[in-house]
Amino acid sequence: MSDLVLDHLVYAGPDLEEAVARVADLTGVTPVRGGRHVGFGTANHLADLGAGAYLEVVGPDPDQPEHVGPRPFGIDELTEPALVTWAARVEGLDEAIAEARERGYDPGEASEMSRATDDGELLTWRLTGAGGLDGLAPFLIDWGSTPHPTTRGLPAIPLLLVTGVHPEPVAVEAAVRALGMDMLVRRDKKPGLVAVLQNSAGKQITLS
């Protein structure tokens, strides 16, 4: 399997502006507008986490008010912003899916998605479903020939650590290992991701 690395963390909320404001209040850094997921009813803002990874803040797109059907990442069920899942980057998505299945974890089928930037560029990529085991097992993403979002000069919020909490930590760790990665998961009744970030004053804060 080609090496999988953290691609991005997904911080989703029922109101996009509120989610962006929550990140700005916590970190002192305001994620910048990324673009719109046309047909999915969502839009996002982005910040650079370092080491080729980024934070995606995603919520309902006010410019797609007539969207019908569920939005990605369970956004319609959220009552407040939360770190809902994460993505692992791979080159050769179909091979990575096949190898994970051989190791006992099925990350799901691959599909295509796109995002329109404000300057009219269409970014395309392939990905699996939105993350298994309550979002703690990452979904896989392959950017193909599309330039990675971190090449766009995003504002920086350094990421120090990502851990998880889950009622079945062993199952989560096994799934992540089947993808060729590692993550520390503690037992807790309520599942969730916890990211330790460095704010603009150099202090450690947590986003969950």
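Below is a short write-up of the structure. (Residues numbered from 1 in each chain as written. Predicted model: local features only at pLDDT ≥ 70, side-chain atom pairs only at ≥ 80, totals over all residues. Heavy atoms only, no water.)

Re the overall build of the chain
- A count of helical and extended segments in the chain gives 3 helices and 12 strands.
- Here the C-alpha radius of gyration of the chain, 16 Å, is about what a compact globule of 208 residues would show, namely 17 Å.
- Taken along the three principal axes of its C-alpha coordinates, the chain extends 40 × 35 × 30 Å.
- In the chain, which comprises 208 residues, the share counted as buried stands at 49%.
- Counting contacts in the chain only where the partners sit at least 6 residues apart, residues at least 24 apart contribute 64% of the total. (Helix = DSSP H or I, 4+ residues; strand = E, 2+ residues; numbered from the N terminus. Rg over C-alpha atoms; globule rule 2.2 N^0.38 Å. Buried < 20%, exposed > 50% of the residue type's maximum accessible area, 1.4 Å probe, protein only. Contact = heavy atoms within 4.5 Å.)

Topic: the sheet that holds strand β11 (residues 192-198)
- In space, the 4 strands of this open sheet follow the order β10-β9-β11-β12, with mixed pairing throughout. Either end of the sheet is taken by a strand with one partner, and the two such strands are β10 (185-187) and β12 (204-207). On average, each strand axis in the sheet is tilted by 25° relative to the strand beside it, whichever way the strands run.
- Here 3 bridges tie strand β9 (residues 159-166) to β10, and the two strands are oriented parallel to one another. Looking across to β10, one finds that Val 165 is bridged to Arg 186.
- Packed on one face of the sheet, helix α3 (residues 169-178) meets β9 and β10 and runs near 165° to β10. (Pairing = 2+ DSSP bridges. Axes fitted to C-alpha atoms, helices over the stretch in contact; angles between N-to-C directions.)

Re the pairing of β11
- Among the 7 residues in β11, 5 count as buried, and that is most of the element.
- Pairing geometry for β9 and β11, over 6 bridges, is antiparallel. When the sheet's bridge partners are listed, Val 162 is paired in β11 with Ala 195.
- One ladder, built from 4 bridges, connects β11 with β12; its direction is antiparallel. By the bridge assignment for β12, Leu 197 is matched with Ile 205.
- Remark: 5 residues form the turn of the hairpin made by β11 and β12, two consecutive strands paired antiparallel; Gly 202 in that turn has positive phi of roughly 85°.

Thoughts on the environment of Gly 92
- If you trace the backbone, Gly 92 turns up in the loop between β5 (82-89) and α2 (93-102).
- Residue Gly 92 is classed as partly exposed on the basis of its relative accessible area, which comes to 22%.
- C-alpha of Gly 92 to C-alpha of His 166: the two residues are 74 residues apart in sequence and 29 Å apart in space.

Quick notes on the packing of aromatic side chains
- Taken as a whole, this structure holds 2 aromatic pairs when the rule is applied.
- Judged by centre distance (6.0 Å) and plane angle (40°), the ring pair of Phe 73 and Phe 139 falls under tilted. Note that Phe 73 is positioned in the loop between β4 (53-60) and β5 and Phe 139 in strand β8 (residues 139-142), a separation of 66 residues in sequence.
- With a relative accessible area of 2%, Phe 139 lands in the buried category. (Phe/Tyr/Trp six-rings, centres within 6.5 Å; stacked < 30°, edge-to-face > 60°.)

Let's talk about the nonpolar core
- Residues Leu 9, Leu 55 and Met 183 are the most contacted members of the largest nonpolar core, which totals 42 residues.
- Setting aside chain neighbours within four positions, we find Leu 9 in contact with Leu 49, Tyr 54, Leu 55, Glu 56, Leu 83, Thr 85, Trp 86, Leu 159, Val 162 and Ala 195.
- Judged by nonpolar contacts, the second largest core, of 16 residues, contains Ala 12, Leu 46, Trp 125 and Leu 154. (Core = buried A, V, L, I, M, F, W, Y, C linked by side-chain atoms within 4.5 Å.)

Notes on the environment of Gly 132
- Within the secondary structure layout, Gly 132 lies in the loop between β7 (122-127) and β8.
- With 43 residues separating them in the primary sequence, Gly 132 and Ala 175 have C-alpha atoms 8.6 Å apart.
- Gly 132 has contacts with Tyr 105 and Ala 137, leaving out every residue within four places of it along the chain.

Quick word on helix α1 (residues 16-27)
- Over its 12 residues, α1 extends 17 Å from the first C-alpha to the last, a length consistent with the 16 Å expected when each residue adds 1.5 Å.
- Leu 16, Ala 19, Val 20, Val 23, Ala 24 and Thr 27 are the residues of α1 that are buried. Buried residues in α1, looked at end-on, bunch into an arc of 135°, giving them a common side. Projecting away from the buried face of α1 at angles above 90 degrees are the exposed residues Glu 17 and Asp 25.
- Lining the buried residues of α1 we find β1 (5-12), β3 (42-50), β4, β11 and β12.
- At the N-terminal boundary of α1, the capping side chain belongs to Asp 15, with an oxygen 3.1 Å from the backbone nitrogen of Glu 17.
- Two residues or fewer after α1 comes Gly 28, characterised by a positive phi angle close to 80°. (Expected span 1.5 Å × (residues − 1). Arc of directions from axis to C-beta. Polar contact = N/O pair within 3.5 Å; in protein donor to acceptor, adjacent residues only side chain to side chain.)

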